[in-house]
Amino acid sequence: MRGGSSRGLGLPATPDPQFKADALAGLASSIPAIPARWLYDHRGSELFEQITELPSYYPTKTEGALLAEILPELATVIPDGLAVVEFGAGSSTKTPPLLRAIDPAAYVPVDISGDFLEQSAADLRKVVPGLAVLPVAADFARPFDLPATVDGMAKLGFFPGSTIGNFVPRSATDLLRHFRDLLGTGALLLIGMDRVKPVERLVAAYDEPEGVTAAFNLNLLDRINRELDGTIPVDAFAHEARWNDILSRIEMHLVATRDVDFTVDGQAFAFTAGQSIHTENSHKYGQRGARVLLLAGGWTPLREWEAPGGDFSLILAEA
Ligand code: AVI
């Protein structure tokens, strides 16, 4: 769930009002929780890129290898000359091979982070000459318009990385419906979904010895201190990755290691040792569950490709 705003050192002139509202309400809640989109300031986005390279974080590498393997087949099932719309494009490295294989007329990367977007659009124009690259700086989960140039073109939505897993199922179906409304009836969607697997592997992917995921999670507290005038003693919180079996998801938490008092934007908070702030969900799907989620979101699965051992899947669906 890439999102939020990244802004340099010190207090920004105007803190993001939604970040402030989410952080204050989330910390005051009886079950403290802050939406995962706020993990992705500039530092958080850098740390996430590092996470994707970690040996135990399998999703990015597994999906990349699977995509490379199925490109020739994808090229036969996806028509040429359509507009590819990538949701949360970031600094995606998966896209150039896909674009070369399916030969679209236009590519529309959509990302909230203007920095990443402009850089990757410029890189892409060099590696796929002749392709119309039409970046859109927007939060893909909220309403936005596609560039007029792609009006009338058939569309392929591309939503890799298992980012759908960062939405609770009800929001995930809303998001899929929003993609359907945006892309239109008859559009295609290629989506990456992470699968349920042994708990030890799941937890190891989100709490590794290198400590990068811990830094990614704890950066949220630094961000609150920096942008919302907080006094949170960051060293009094520890990263924890928990498997929630009934909800089929990895949860990231920041757990207080001692009793702490702090303020955020002048508001006082007290946490007791062991109390946690829930910061992210990463849902994992079984084969049938993934298909049902797509159907509930208005997409009919057409083809599915599985990584070895059923670790990850790429599904092509039609609106
Ligand atoms: C972006 N998203 C798919 C990642 C995931 O696996 O849920 C975010 C992440 N959080 C911790 N590690 C990776």
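Residues numbered from 1 in each chain as written. Predicted model: local features only at pLDDT ≥ 70, side-chain atom pairs only at ≥ 80, totals over all residues. Heavy atoms only, no water.

A closer look at the packing of aromatic side chains
Okay, so step 1: This model, assessed by the stated rule, comprises 17 aromatic pairs.
Okay, so step 2: Relative to phenylalanine 48, the ring of tyrosine 40 lies with its centre 5.9 Å away and its plane at 75°, an arrangement referred to as edge-to-face. Accessibility classification places tyrosine 40 together with phenylalanine 48 in one group, the buried group.
Okay, so step 3: Taken together through their ring pairs, the aromatic side chains of Tyr40, Phe48, Tyr57, Tyr206 and Phe216 make up a single cluster.
Okay, so step 4: A cation over an aromatic ring shows up here: arginine 37 above the ring of tryptophan 38, its NZ or CZ 4.3 Å from the ring centre. (Phe/Tyr/Trp six-rings, centres within 6.5 Å; stacked < 30°, edge-to-face > 60°. Buried < 20%, exposed > 50% of the residue type's maximum accessible area, 1.4 Å probe, protein only. Lys NZ or Arg CZ within 6 Å of the ring centre and 35° of its normal.)

A short note on unusual backbone geometry
Okay, so step 1: Of note in this structure, aspartate 229 is not a glycine but carries a positive phi near 55°.
Okay, so step 2: Structurally, aspartate 229 can be placed in the loop between α8 (212-227) and β7 (237-244).
Okay, so step 3: The phi torsion at serine 248 lies on the positive side, around 50°, for a residue other than glycine.
Okay, so step 4: Looking at where serine 248 falls in the secondary structure, it is placed in the loop between β7 and β8 (249-256). (Helix = DSSP H or I, 4+ residues; strand = E, 2+ residues; numbered from the N terminus.)

Some details on the packing of helix α6 (residues 169-183) against helix α9 (residues 287-296)
Okay, so step 1: Their axes nearest at 8 Å, the elements α6 and α9 cross at an angle of 55°. Taken as axis vectors, α6 and α9 run oblique relative to one another. On the side of α6, the interface is formed by Pro169, Ala172, Thr173, Leu176 and Arg177, while α9 contributes Leu293, Leu294 and Ala296.
Okay, so step 2: Grouping the amino acids of the contact of α6 with α9 by side-chain chemistry returns six nonpolar, one polar and one charged. (Axes fitted to C-alpha atoms, helices over the stretch in contact; angles between N-to-C directions. Parallel < 35°, antiparallel > 145°, perpendicular 65-115°, else oblique. Contact = heavy atoms within 4.5 Å. Nonpolar A, V, L, I, M, F, W, Y, C, P; charged D, E, K, R; others polar.)

A look at the packing of helix α2 (residues 42-51) against α8
Okay, so step 1: Interhelical geometry of α2 versus α8 gives an angle of 160° and a closest axis separation of 9 Å. In this view, α2 runs roughly antiparallel relative to α8, as classed from their interaxial angle. As for how α2 packs across α8, the hand of that crossing is left-handed. In this structure, α2 uses Arg43, Gly44, Leu47, Phe48, Gln50 and Ile51 to contact α8, whose residues at the interface are Val212, Thr213, Ala215, Phe216 and Asn219.
Okay, so step 2: Across the contact of α2 with α8, the residue classes tally to six nonpolar, four polar and one charged. (Left-handed = near helix turned anticlockwise from the far one by under 90°.)

Thoughts on the site of the ligand
Okay, so step 1: Close to the ligand lie 15 residues, the nearest being Tyr57, Asn166, Tyr206, Glu280 and Ser282.
Okay, so step 2: Measuring from an oxygen atom of the ligand, one finds a side-chain N or O atom of tyrosine 206 at 2.5 Å.
Okay, so step 3: One of the side-chain N or O atoms of glutamate 280 is found 2.7 Å from a nitrogen atom in the ligand.
Okay, so step 4: Computed on the free molecule, the ligand has an accessible area of 340 Å², of which 99% lies beneath the protein chains in the complex. (Near = heavy atom within 4 Å. Polar contact = N/O pair within 3.5 Å; in protein donor to acceptor, adjacent residues only side chain to side chain. Areas by Shrake-Rupley, 256 points an atom, 1.4 Å probe, with all protein chains shown as cover.)

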